Amino acid sequence: MTDPTIFRPGVVAPAEGSASGVPAVVAIDGPAGSGKSSVSKATAVRLGYGFLDTGAAYRALAWHALEHGSDTSDATAVLEVFGDFDYAISLDPADRWVRVGGTDVTAAIREPRVTDAVSGVARVPAVRQAVNDLFRRLVASSGLRGVVVEGRDITTVVYPDAPVRILLTAAPEVRAARRSAELTSQDAAAVAAALHKRDAADSTVVDFLTAAPGVQVVDSTHLDFEQTVDAVLNVVDSTMGARDGR
Ligand SMILES: Nc1ncnc2c1ncn2[C@@H]1O[C@H](COP(=O)(O)OP(=O)(O)OP(=O)(O)O)[C@@H](O)[C@H]1O
Ligand SMILES: Nc1ccn([C@@H]2O[C@H](COP(=O)(O)O)[C@@H](O)[C@H]2O)c(=O)n1
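Residues numbered from 1 in each chain as written. Chains lettered and ligands numbered in written order. Predicted model: local features only at pLDDT ≥ 70, side-chain atom pairs only at ≥ 80, totals over all residues. Heavy atoms only, no water.

Asker: Would you mind going over the pattern of salt bridges with me for this structure?
Answerer: Pairing of side chains with opposite charge becomes possible as their charged atoms draw close. Enumeration over the complete set of coordinates arrives at nine salt bridges. Residue Arg113 is joined to Glu67 by a salt bridge in which the shortest nitrogen-to-oxygen separation is 3.6 Å. Of this pair, Arg113 sits in helix α4 (residues 112-122) while Glu67 sits in helix α2 (residues 55-67), placing them 46 residues apart in sequence. Residue classification places Glu67 among the partly exposed positions, given a relative accessible area of 49%. Ionic pairing is found between Arg136 and Asp133, a salt bridge with its closest N-O pair at 3.1 Å. Taken as a pair, Arg136 and Asp133 lie in helix α5 (residues 125-140) at a separation of three residues, close to a single helical turn. Take Arg136: its relative accessible area is 29%, and that puts it in the partly exposed class. Here the salt bridges do not stand alone but share partners, grouping Asp53, Arg96 and Arg110 into one network. (Salt bridge = Lys/Arg side-chain N within 4 Å of Asp/Glu carboxyl O. Helix = DSSP H or I, 4+ residues; strand = E, 2+ residues; numbered from the N terminus. Buried < 20%, exposed > 50% of the residue type's maximum accessible area, 1.4 Å probe, protein only.)

Here is the structure:
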């Protein structure tokens, strides 16, 4: 894996806002369809922070493996294609892109064939260790005042000492309904089954269904989108008083 390109978003204040020069991390985990990506992005915009979608790296690697015709359930095959995985991602919540080599894969990594394959590549320990190192390097060298980092093991493995750690959750049927509302061309029952199957596979690798000690739960089952963003911002506020760039 080569070093990533680091995009320095213009909308986000530079590092002088942080006393230490080290970006503040808001770590958010949760199951599929819990709103991690959309809520984290909106939270980052409201805070003037960067946004790192860690699942995009696993999706991009799955895309890369599929491009090579590799079996994503075979760890040896995954490690082989990981050797020339040239990955780059934007940390700008207002200009999100993901690239592998010279190819923009921002949309392609959301295709069902990639979603169906991603758990296979994510269960390879050497891959997890390397991408986790990459995430920390991306954040540390971003020059940003803060970054909202979302995924499955951010609160527990990648940033267990982050000042703000949140488990974003919602009832399984609510998450499935929200995802189904996005994918209107697909059968609702099939969408729900795929979502639950992916959670079952992923949760054998990391526990993102229960909050680790010190992690605060935001349950959006009965909240609309804006209420959920506000609930996350309230946790940020109460934890580090950093809301809206303060
Ligand atoms: N509180 C909410 N109320 C209504 N819709 C919501 C809420 N939170 C998120 N959504 C919607 O639910 C859908 C799933 O959200 P999102 O893609 O952010 O989830 P995710 O956790 O990142 O999923 P995945 O892990 O599968 O990528 C999106 O359409 C999003 O707009
Ligand atoms: N920290 C993470 C983030 C993601 N994964 C794996 O990637 C898949 C895609 O993630 P999305 O958030 O984009 O849905 C996910 O299903 C996991 O397999 C991970 O392992 N750790």
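Asker: Explain the sheet that holds strand β8 (residues 216-219) here, please?
Answerer: Strand-to-strand pairing in sheets goes through backbone hydrogen bonds, with the strands running parallel or antiparallel. Across the sheet, which stays open at both edges, the five strands sit in the order β2-β6-β1-β7-β8 with parallel pairing between neighbours. Edge positions in the sheet fall to β2 (50-53) and β8, since each has one partner strand and no second. Along the sheet, successive strands turn relative to each other by an average axial angle of 25°, direction set aside. When strand β7 (residues 164-169) meets β8, the two strands line up parallel, connected through four bridges. By the bridge assignment for β8, Leu168 is matched with Val218. Docked against the sheet, helix α9 (residues 225-240) engages β1 (24-29), β7 and β8, running at close to 160° with respect to β7. (Pairing = 2+ DSSP bridges. Axes fitted to C-alpha atoms, helices over the stretch in contact; angles between N-to-C directions. Contact = heavy atoms within 4.5 Å.)

Asker: In this structure, what is going on with the site of ligand 2? I would like to understand it.
Answerer: Surrounding ligand 2, one finds 16 residues, the nearest of these being Arg59, Arg128, Arg152, Arg198 and Asp202. A distance of 2.9 Å separates an oxygen atom of ligand 2 from a polar atom in the side chain of Arg152. When ligand 2 is considered free in solution it has 460 Å² of accessible area, and contact with the protein chains removes 96% of it. Sorting the residues of the shell around ligand 2 by element identifies α2, α4 and α8 (188-202) as the ones contributing at least two each. Grouping the constituent residues of the shell around ligand 2 by class yields four nonpolar, four polar and eight charged. (Near = heavy atom within 4 Å. Polar contact = N/O pair within 3.5 Å; in protein donor to acceptor, adjacent residues only side chain to side chain. Areas by Shrake-Rupley, 256 points an atom, 1.4 Å probe, with all protein chains shown as cover. Nonpolar A, V, L, I, M, F, W, Y, C, P; charged D, E, K, R; others polar.)

Asker: Explain the sheet that holds strand β4 (residues 98-100) here, please?
Answerer: Reading across from one edge, β3-β4-β5 is the order of the three strands in this open sheet, with antiparallel pairing throughout. Unpaired on one side and paired on the other, β3 (87-89) and β5 (103-104) mark the two borders of the sheet. Where β3 and β4 come together, three bridges link them in antiparallel fashion. By the bridge assignment, Ile89 is partnered in β4 with Val98. Along the sheet, α2 makes contact with β3, β4 and β5, crossing β4 at roughly 35°.

Asker: Sorry if this is basic, but what is going on with the pairing of β1 here?
Answerer: In summary, the side chains of a regular strand alternate between the two faces of the sheet. Extensive coverage of β1 is indicated by the burial of six of its six residues. The two faces of β1 match: Ala24, Val26 and Ile28 on one face and Val25, Ala27 and Asp29 on the other face are all buried. Where β1 and strand β6 (residues 146-151) come together, six bridges link them in parallel fashion. The residue of β6 that forms the bridge with Val25 is Val147. Judged from the four bridges that link them, β1 and β7 form a sheet pairing that is parallel. Looking at the pairing, Asp29 lines up with Leu167 of β7.

It is worth stressing that arrangement in space is one thing and function is another; only the former is reported here.
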